[in-house]
Structures are given as structure tokens and as C-alpha cells.
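These are the residues of each chain, in order.
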Amino acid sequence: MHVFKSKVDNWVLVCLLLSISACVMGASVALMVGGTVNYVFAAIILILGVGFPAWLYASTRYIVMDDDLKIISGPFSWTIPIQSIVSVQETHSASASPALSFDRLEIIYEENKAIIVSPLDKAKFIEKLGKDKLIVSRKNARTKAEGKDSKGNPKKNKANRKNSPA
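Residues numbered from 1 in each chain as written. Predicted model: local features only at pLDDT ≥ 70, side-chain atom pairs only at ≥ 80, totals over all residues. Heavy atoms only, no water.

Asker: Before we go on, may I ask you to explain the overall build of the protein in this structure?
Answerer: Helices and strands together make up the secondary structure of the protein, namely 5 helices and 7 strands. Counting from the amino terminus, helix and strand elements in the protein follow one another as β-α-α-β-β-β-β-β-β-α-α-α. Across the 166 residues in the protein, those meeting the buried criterion constitute 34%. Contacts spanning at least 24 positions in sequence make up 46% of the contacts within the protein whose residues lie at least 6 apart. (Helix = DSSP H or I, 4+ residues; strand = E, 2+ residues; numbered from the N terminus. Buried < 20%, exposed > 50% of the residue type's maximum accessible area, 1.4 Å probe, protein only. Contact = heavy atoms within 4.5 Å.)

Asker: Would you mind going over the packing of helix α1 (residues 10-33) against helix α2 (residues 36-59) with me for this structure?
Answerer: Packed helix pairs are characterised by how far apart their axes lie and by the angle those axes make with each other. α2 packs onto α1 with a crossing angle of 165° between their chain directions and a minimal axis gap of 8 Å. By the angle between their directions, the pair α1 and α2 is classed as roughly antiparallel. Judged by the twist between their axes, the crossing of α1 over α2 is left-handed. In this structure, α1 contributes Leu 13, Leu 16, Ser 19, Ile 20, Cys 23, Val 24, Gly 26, Ala 27, Ala 30, Leu 31 and Val 33 to the contact, and α2 contributes Asn 38, Tyr 39, Phe 41, Ala 42, Ile 45, Leu 46, Gly 49, Val 50, Pro 53 and Tyr 57. Counted by class, the contact of α1 with α2 contains 17 nonpolar, 4 polar and no charged residues. (Axes fitted to C-alpha atoms, helices over the stretch in contact; angles between N-to-C directions. Parallel < 35°, antiparallel > 145°, perpendicular 65-115°, else oblique. Left-handed = near helix turned anticlockwise from the far one by under 90°. Nonpolar A, V, L, I, M, F, W, Y, C, P; charged D, E, K, R; others polar.)

Asker: How should the packing of aromatic side chains be read in this particular structure?
Answerer: One pair of aromatic rings is described through two measures. These are the centre distance and the angle between the planes. Tallied over the full model, the rule gives 5 aromatic pairs. For the pair Trp 11 and Phe 102, a centre-to-centre distance of 5.2 Å together with 20° between the ring planes defines the contact as stacked. Taken together, the residues span a long stretch of sequence, with Trp 11 in helix α1 and Phe 102 in the loop between β5 (85-91) and β6 (104-109) at a distance of 91 residues. The exposure class of Phe 102 is partly exposed, given its relative accessible area of 28%. Their ring planes at 90° and their centres at 6.3 Å tell us that Phe 52 and Phe 76 sit as a pair that is edge-to-face. A residue pair is termed long-range when its members are at least 10 positions apart, and Phe 52 in helix α2 and Phe 76 in strand β4 (residues 76-81) qualify at 24 residues. In this structure Phe 52 comes out as partly exposed when scored by relative accessible area, which is 31%. Aromatic ring contacts, followed pair by pair, group Phe 4, Tyr 62 and Phe 125 into a single cluster. (Phe/Tyr/Trp six-rings, centres within 6.5 Å; stacked < 30°, edge-to-face > 60°.)

Asker: Where do I start with the pairing of strand β2 (residues 61-64) in this structure?
Answerer: Each regular strand carries side chains that alternate between the two faces of the sheet. Relative to β2, strand β1 (residues 2-5) runs antiparallel, the two being bridged by 4 bridges. When the sheet's bridge partners are listed, Val 3 is paired in β2 with Ile 63. Where β2 meets strand β3 (residues 68-73), 4 bridges bridge the pair, whose relative direction is antiparallel. Looking at β3, one finds that Tyr 62 is bridged to Ile 71. (Pairing = 2+ DSSP bridges.)

Asker: Just checking my understanding: could you explain α2 for this structure?
Answerer: Between its first and last C-alpha atoms α2 spans 32 Å; for 24 residues at 1.5 Å apiece the expected length is 34 Å, and the two agree. In α2, a bend of some 30° at Gly 51 exceeds every other bend along the element, and Pro 53, a proline, comes one to four places later. By the burial criterion, the buried members of α2 are Ala 42, Ile 45, Gly 49, Pro 53, Leu 56 and Ser 59. Considering only its buried residues, α2 is in contact with α1, β2, β3 and β4. (Expected span 1.5 Å × (residues − 1). Bend = angle between axes of the 7 residues up to and from the residue.)

Asker: Would you take a moment to explain the pairing of strand β7 (residues 113-117) for this structure?
Answerer: Note that β6 and β7 share 5 bridges and pair antiparallel. Across the sheet, residue Ile 107 finds its bridge partner in β7, namely Ile 115. Where β6 hands over to β7, the hairpin turn is made up of 3 residues, of which Glu 110 adopts a positive phi near 50°.

Asker: Sorry if this is basic, but what is going on with unusual backbone geometry here?
Answerer: Most peptide bonds take the trans form, and the phi angle of most residues other than glycine is negative. Unlike most non-glycine residues, Glu 110 shows phi in positive territory, near 50°. Phi is positive for Asn 112, which is not a glycine, with a value near 65°. Residue position: Asn 112 is located in the loop between β6 and β7.

What follows is the structure, given as C-alpha cells:
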């Protein structure tokens, strides 16, 4: 079993801290005003506005086990059989996901299912998944789709041989 923490972008950390600060200030105002309703309101603000983001920040991780990839982010968790993973490729998508960075990997699994993660050590994460067919970057995916080898040279096929001067 290998545990990978999520990479955290500085801007995500700043947003979390600003959000938590705003919630603490709002709760403190409600507590200063007093009254049962305001105390309940302050408790809700602190639980949702401070507790939830802190929980996401502290718990987001990816666990590669023998047969499964387990993704945990706060109260959310996913278990993906490693054999069902079709591809892994780099992405900078802003989609909501259990990733605290824009330096992300999109995992395509089963039939048209996808999830985005941001492990701190992407290369080791992919290595531990044990997949040799994984696409690590969109550039490599584009090269394969265009029929070029890893150096960007056209692969020799029937169409290329006809147009080739040699």
C-alpha cells in the first residue's frame, strides 16, 4: 500500500485561509451579538466554513493498494479497481475534483468514467499503478494520435512509404 498526498497550490491555500478567516469573523460577530439563535448560527458557520475546508485540506490523499486505487477527500471517497483504469493523462482542468492543485492527472476508468487527482509525486503515483499503457502528457497522446514516434518523427506506414523519396 502506497499513500500519496495531494499537491497543494499556493492559491488554494490562500483561498482556504481567507475563507476560514471570513467564517471566523462572521461567527465572532454572531457570538458578540449573543442569543441562542446566533450561537447556533455561529456553530454552523464554524463547522461548515472552517471545519469542512480544513478537513478537505488535511485528508485529501490517494492510496494505491494491490488491486485498487482509493481516493479520499474529506467525507468523500472513491475506490477504483486498478484493472479498470484505461488511461492516465496530465490535465489542467478546473473541474471540481479531489485535487488541491491545477497540476493534475485525469484518470479514465470503466466505461467513460473519469476522476481528476493531483498527487505530489505524479511519476511515482503512475509507477505504483503499474500501468505501462498510461499516457502521461497530452503531448504524448497527441503524438500517438498523429502516428508519430516518441521523437516526433512520422512512423513508417504504407502512406508514408509512398510519399517517401527513399
